[in-house]
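If you want the building blocks of each chain, they are given just below.
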Amino acid sequence: MLARLLLLGAALAICRAANPCCFNPCQNRGVCMTTGFDQYECDCTRTGFYGKNCSTPEFLTRIKLLLKPTPNTVHYILTHFKGVWNIVNNIPFVRNAIMRYVLTSRSHLIDSPPTYNVHYGYKSWEAYSNLSYYTRALPPVPEDCPTPMGVKGKKELPNSKEIVEKFLLRRKFIPDPQGTNMMFAFFAQHFTHQFFKTDHKRGPAFTKGLGHGVDLSHVYGETLDRQHKLRLFKDGKMRYQIIDGEMYPPTVKDTQAEMIYPPHVPEHLRFAVGQEVFGLVPGLMMYATIWLREHNRVCDVLKQEHPEWDDERLFQTSRLILIGETIKIVIEDYVQHLSGYHFKLKFDPELLFNQHFQYQNRIASEFNTLYHWHSLLPDAFQINNQEYSFQQFMYNNSVLLEHGLTHFVESFTKQIAGRVAGGRNVAAAVQKVAQASIDQSRQMKYQSFNEYRKHFMMRPYSSFEDLTGEKEMAAELEALYGDIDAMELYPALLVEKPRPDAIFGETMVELGAPFSLKGLMGNPICSPNYWKPSTFGGEVGFEIINTASIQSLICNNVQGCPYTAFNVPDQELTKTLIMNASSAHTRLGDVHPAVLLKEHSSEL
């Protein structure tokens, strides 16, 4: 009894010494503010709740909570009842109303204007105006808290290398049950590198990106100097070279645009594009080449429509059109695939014109962290019946020239990607990247996984078993972290139980979708003053945007118009691959579903 009283006394002493906001006392998005060294106040303004901790719902809030379904219930409804959704998709005003709700309900979860950054856990002009920081959805854990997650868990977080090896590293390749393919995986990496540009010299809280959104700086360059090096300055076009009758990016030597290549890469394979890291793998250079061709194609269309326009106007207008194409493809193809919804998503900026909506965006560090989907990557890449290891693929643009874009698109459309949620599916080749993600998250003092779930209107998990949906990993995680409220954001996203037959767990979707849709629809071209034909060179340019799809992008720029999508073509084959992966106890280096897919390529 005495020992227990002593422990209780020690715990109370720690609590009294701690910043009271370390306890995260304010619920339902209430803001915690200290008043003296050991007192706090919760600002419940416009939360719909009141009371000392913003925990008592107002009358209308209580009604809304009673009527509002859980995120998993909404997901179930949207991914079932296909016949009903086919009817809904063909009734324009109903489809528009649902899409408007999707956009507003998601985007309103994102603070705009931005609020915090790594150095400011309270609102300040610096946090708002300094664009060199990533913004934050939640403020950092205060420096004077007794544990890394506030007051819960152990005084030291477990070793990040141990976390990766025990819970994240692949034992065997687990294919995505949604049939996500490598065209999706490389699109995701290519697309996000226009706004995820961490300034590693300053630290993970800082970005080198100036646009904080979809600006296609990965195509045109972040700075005006880089853009000018890549431009042809004729007919609005970007510089290019012709190899075997096809258009490819120019070289570093021809443009003097800096790229990251190791010394062994010969000059003629050092392609120069907007993002300096895209020489890393040919999958990124594939998309860089496709968008280069698309820009120059659009310039030709505009030149024919407007022979009176000069080079600068052709270039600038083509860039706006490509931004529009990108947003449409991301919403109607990319997000549509990820969602698994039978409801057909729609890119239509006019849906928001009568809504409370701000056309601005800041990239959040949490968005950057959750987008580390390295589990998508296979153990080897299958191109035109040839297999390439990571080592053979990296910094090897000769593979792209050898096979050509047509074979790349055909092969990556057929090769299945890995499942992201559920744990133990990060490829060994990128395990150091996963470890760095954990280390950097700790530098930025992210709050716990459950605090993010509460902020984005989800029920906090009650236990590690509740998080993972199984017992083995749950027990090991509990031994290392001690308390579910001390579980870290990034590893939790990857070990969270996936939704049925889905690539992600609940939290990845419910955190990621608001950031994504706010960033896309907050783009200037979606605003009432921009979204009109004259912005895009008239009806011809407007039509290019409004008819864009991943398939049309490929057909307009890749010989033979190969079939493409963001999922493998044969869903039944996908199910077969998954069953084979589950029954065959394969290890790294053994046959895995990507190889099986190659063997069944004649069935696709």
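It should be noted that the structure appears before, not after, this text.
Just so you know, these numbers come straight off a predicted model, no measurement behind them.

Cut-off values and rules
- Residues numbered from 1 in each chain as written.
- Predicted model: local features only at pLDDT ≥ 70, side-chain atom pairs only at ≥ 80, totals over all residues.
- Heavy atoms only, no water.
- Helix = DSSP H or I, 4+ residues; strand = E, 2+ residues; numbered from the N terminus.
- Rg over C-alpha atoms; globule rule 2.2 N^0.38 Å.
- Buried < 20%, exposed > 50% of the residue type's maximum accessible area, 1.4 Å probe, protein only.
- Contact = heavy atoms within 4.5 Å.
- Areas by Shrake-Rupley, 256 points an atom, 1.4 Å probe, with all protein chains shown as cover.
- Salt bridge = Lys/Arg side-chain N within 4 Å of Asp/Glu carboxyl O.
- Pairing = 2+ DSSP bridges.
- Phe/Tyr/Trp six-rings, centres within 6.5 Å; stacked < 30°, edge-to-face > 60°.
- Lys NZ or Arg CZ within 6 Å of the ring centre and 35° of its normal.
- Axes fitted to C-alpha atoms, helices over the stretch in contact; angles between N-to-C directions.
- Parallel < 35°, antiparallel > 145°, perpendicular 65-115°, else oblique.
- Nonpolar A, V, L, I, M, F, W, Y, C, P; charged D, E, K, R; others polar.
- Arc of directions from axis to C-beta.

So, on to the overall build of the chain. For the chain, the helix and strand inventory stands at 26 helices and 8 strands. Whereas a compact globule of 604 residues would reach a radius of gyration of roughly 25 Å, the chain reaches 25 Å, a difference of no more than 12%. The principal-axis extents of the C-alpha atoms in the chain amount to approximately 85 × 55 × 55 Å. Looking at the chain as a whole, 54% of its 604 residues are labelled buried. Taking all contacts inside the chain whose residues are at least 6 apart in sequence as the whole, residues at least 24 apart take part in 70%. Carbon together with sulfur atoms contributes 55% to the accessible area of the chain, which is approximately 26,700 Å² in total.

All right, on to the pattern of salt bridges then. In a structure, side chains of opposite charge can pair up when their charged atoms sit close to one another. Taken as a whole and assessed by the stated rule, the structure comprises 28 salt bridges. Glu-222 is the salt-bridge partner of Lys-197, the closest N and O atoms lying 2.3 Å from each other. Here Lys-197, found in the loop between α8 (182-192) and α9 (217-220), pairs with Glu-222, found in the loop between α9 and α10 (224-230); they are 25 residues apart in sequence, far enough to count as distant. Exposure remark for Lys-197: the relative accessible area of 8% places this residue in the buried category. With a closest N to O distance of 2.7 Å, Glu-332 and Lys-328 form a salt bridge. Of this pair, Glu-332 and Lys-328 both sit in helix α13 (residues 311-339), 4 residues apart, which is roughly one turn of that helix. Residue classification places Lys-328 among the buried positions, given a relative accessible area of 8%. Residues participating in the shared-partner salt-bridge network are Arg-106, Arg-499 and Glu-510.

For the rest of this paragraph, the subject is the pairing of strand β2 (residues 40-43). Moving residue by residue along a regular strand, the side chains alternate between the two faces of the sheet. Where burial is concerned, the two faces of β2 differ: the one with Tyr-40 and Cys-42 is buried and the one with Glu-41 and Asp-43 is not. Looking at chain direction, strand β1 (residues 31-34) and β2 are connected through 4 bridges and run antiparallel. Within the sheet, the bridge partner assigned to Thr-34 lies in β2 and is Tyr-40. With antiparallel pairing between neighbouring strands as the criterion, β1 and β2 make up a hairpin whose turn holds 5 residues, including Gly-36 at a positive phi of roughly 90°.

Among the structural elements, Leu-517 can be located in helix α22 (residues 506-521). Exposure remark for Leu-517: the relative accessible area of 7% places this residue in the buried category. Each C-alpha atom, one on Leu-517 and one on Arg-106, is 7.0 Å from the other, the two residues being 411 residues apart in sequence. Every residue in contact with Leu-517, bar those within four places of it in the chain, is listed here: Val-102, Leu-103, Arg-106 and Gly-522.

Let us look at the packing of aromatic side chains. Under the criterion given, the structure shown has 42 aromatic pairs. Here the aromatic rings of Phe-187 and Tyr-334 are separated by 5.5 Å at their centres, their planes lie at 45°, and the arrangement is tilted. One end of the pair, Phe-187, is in helix α8; the other, Tyr-334, is in helix α13, with 147 residues separating them in the sequence. Across the pair, Tyr-334 and Phe-187 agree in class, each one buried. Its end group placed over the ring of Tyr-40, Lys-52 keeps NZ or CZ at 4.4 Å from the ring centre. The side chain of Arg-293 reaches across the aromatic face of Tyr-248, ending 5.3 Å from its centre.

Between helix α12 (residues 282-305) and helix α24 (residues 550-557), the least distance of the axes is 9 Å, while the angle of their chain directions is 75°. Relative to α24, α12 is oriented roughly perpendicular. Counting all contacts with α12, which are made through Tyr-287, Ile-290, Trp-291, Arg-293, Glu-294 and Arg-297, the residues of α24 involved are Ile-550, Leu-553, Ile-554, Asn-556 and Asn-557. For the contact of α12 with α24, a count of residues per class yields 6 nonpolar, 2 polar and 3 charged.

So, on to the side chain of Thr-289. Tracing the backbone shows Thr-289 in helix α12. You can call Thr-289 buried: its relative accessible area is 0%. Setting aside residues up to four positions removed in sequence, Thr-289 forms contacts with Met-247, Tyr-248, Pro-249, Leu-400 and Leu-405.

Before going further, it helps to examine helix α20 (residues 472-481). Here α20 has its buried residues at Met-473, Ala-474, Leu-477, Leu-480 and Tyr-481. Burial along α20 is one-sided: seen end-on, the buried residues are contained in an arc of 130°. Those residues of α20 hidden inside the fold are in contact with α7 (160-168), α17 (431-443), α19 (464-468) and α21 (489-495). Just beyond α20, the residue with positive phi is Gly-482, at close to 85°.

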